[in-house]
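Examination of the molecular architecture
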Amino acid sequence: MLTMPFIFSNEVCDKLAVVGFNANMISYLTTQLHMPLTKAANTLTNFGGTASLTPVLGAFIADAFAGRFWTITVASIIYVIGMTLLTTSASLPQLRPPPCNLGRATDQPCQEANAWQLAVLYAALLLGAIGSGGIRPCVVAFGADQFDEADPKQRTRTWKYFNWYYFVMGGSMLVALTVLVYIQDNIGWGWGLGIPTILMFLSVVALVSGHPLYRMLDPAGSPFTRLVQVSVAAFKKRKVENVSDPDLLYRNNELDAPISVGGKLVHTKYMK
């Protein structure tokens, strides 16, 4: 349980940054970058779709190569870079179009963001999506890794961890949708984006500082490899008659250990 504050801090800051910005992103694109509503909605859709796909890549890298800790750490650094770039874009006048000339009779009262300003925005959003893809699928699993399921005492603590995890996640989302959105609308986007950026940087420091306390598990290998192996084996043996005694089936405890809680996959006659 000593490792939980380090892990929770990363998840809290991720939710503050993602939810706080996504909830008000359409307002930022239309009022600050003067995007047409259709273009802003399309940008928001593309960013949301990319952020939904990157966790698949992040989970694959964590399971097959890097492990969860290093995936979260590198992804968090990438996320901080993206948030820093986004905060800079919202703070510097050079990276935003000039204010609208609503009081003047001009052909173009609002100047839309130019290609350079949009490139900075898209780069920041892409880095944020990549970083979030490495954090989301790994944080909750990395927290569960800190408990040994073979120990009955730690097994009960796992449930406490999940309860606290979702409580903290819900609380951070509530703060993002109220406090951060209020700051963005009434104080300024520089502060509204700068606060979660600073918190995200501090969460990376907290995550890395807890490294000596963590229970590290080696990468279990790519799940896609095992899926293909099972599919090929099932196809090759499709005509083999099923044995009456499950004890006659081939078992390999070493292969089963990384992919099952008890270290052994239980045989069943039913497909689950």
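Residue numbers restart at each chain and count upward from 1, following the sequence in its written direction. Where totals are concerned, whole chains, interfaces and linings use all residues; where local detail is concerned, this predicted model gives features only for residues with pLDDT of at least 70, and gives and counts side-chain atom pairs only at 80 or more. To get the side-chain values, all heavy atoms of the structure are used, and hydrogens and water are removed first.

The chain goes by Major facilitator superfamily (MFS) profile domain-containing protein in an unreviewed UniProt entry, where it is assigned to Punica granatum. UniProt positions are given in the numbering used here, feature names are shortened, and annotations may be inferred rather than shown by experiment. The annotation that UniProt attaches to the chain under Subcellular location (unreviewed entry) is "Membrane". Of the comments in the UniProt record for the chain, the one headed Sequence similarities (unreviewed entry) reads "Belongs to the major facilitator superfamily. Proton-dependent oligopeptide transporter (POT/PTR) (TC 2.A.17) family."

1. Notes on empty space enclosed by the protein
In this analysis the probe radius is 1.4 Å and the grid spacing 1 Å, with only protein atoms considered; a cavity is a set of points the probe fits into but cannot get out of, a pocket is an open set with protein on both sides within 12 Å along at least five of seven lines, and lining residues have an atom within 4 Å of a point. Grid points are joined across faces, edges and corners, and a volume is the space filled by probe spheres set on the points. The full count for this structure, using the stated rule, is one cavity of 30 Å³ or more. Roughly 130 Å³ of volume is contained in the largest cavity. Taken together, 15 residues make up the lining of the largest cavity; nearest its centre are F21, F47, Y79, M83 and G128. Numbering of helices and strands runs from the N terminus; a helix is a DSSP stretch of H or I covering at least four residues, while a strand is a stretch of E covering at least two. For the lining of the largest cavity, the elements supplying multiple residues, two or more each, are α1 (4-22), α3 (37-66), α4 (68-91) and α5 (115-145). Residues belonging to the lining of the largest cavity are distributed by class as follows: eleven nonpolar, three polar and one charged. In this classification, the charged set is Asp, Glu, Lys and Arg, the nonpolar set is Ala, Val, Leu, Ile, Met, Phe, Trp, Tyr, Cys and Pro, and all remaining amino acids, among them Gly, are polar.

2. Some points on the pattern of salt bridges
A pair is scored as a salt bridge if a Lys or Arg side-chain nitrogen falls within 4 Å of a carboxyl oxygen belonging to Asp or Glu. Applying the stated rule across the entire model yields two salt bridges. Ionic pairing is found between K39 and E112, a salt bridge with its closest N-O pair at 3.0 Å. Of the two residues, K39 sits in helix α3 while E112 sits in the loop between α4 and α5, which places them 73 residues apart along the sequence. Partly exposed describes any residue whose relative accessible area lies between the buried limit of under 20% and the exposed limit of over 50%, with all areas from a 1.4 Å probe on protein chains only and scaled to the type maximum. Residue classification places K39 among the partly exposed residues on the basis of a relative accessible area of 30%. Note on E112: relative accessible area 27%, which makes it partly exposed. Among the salt bridges present, the one from D63 reaches R68, with a minimum N-O distance of 3.8 Å.

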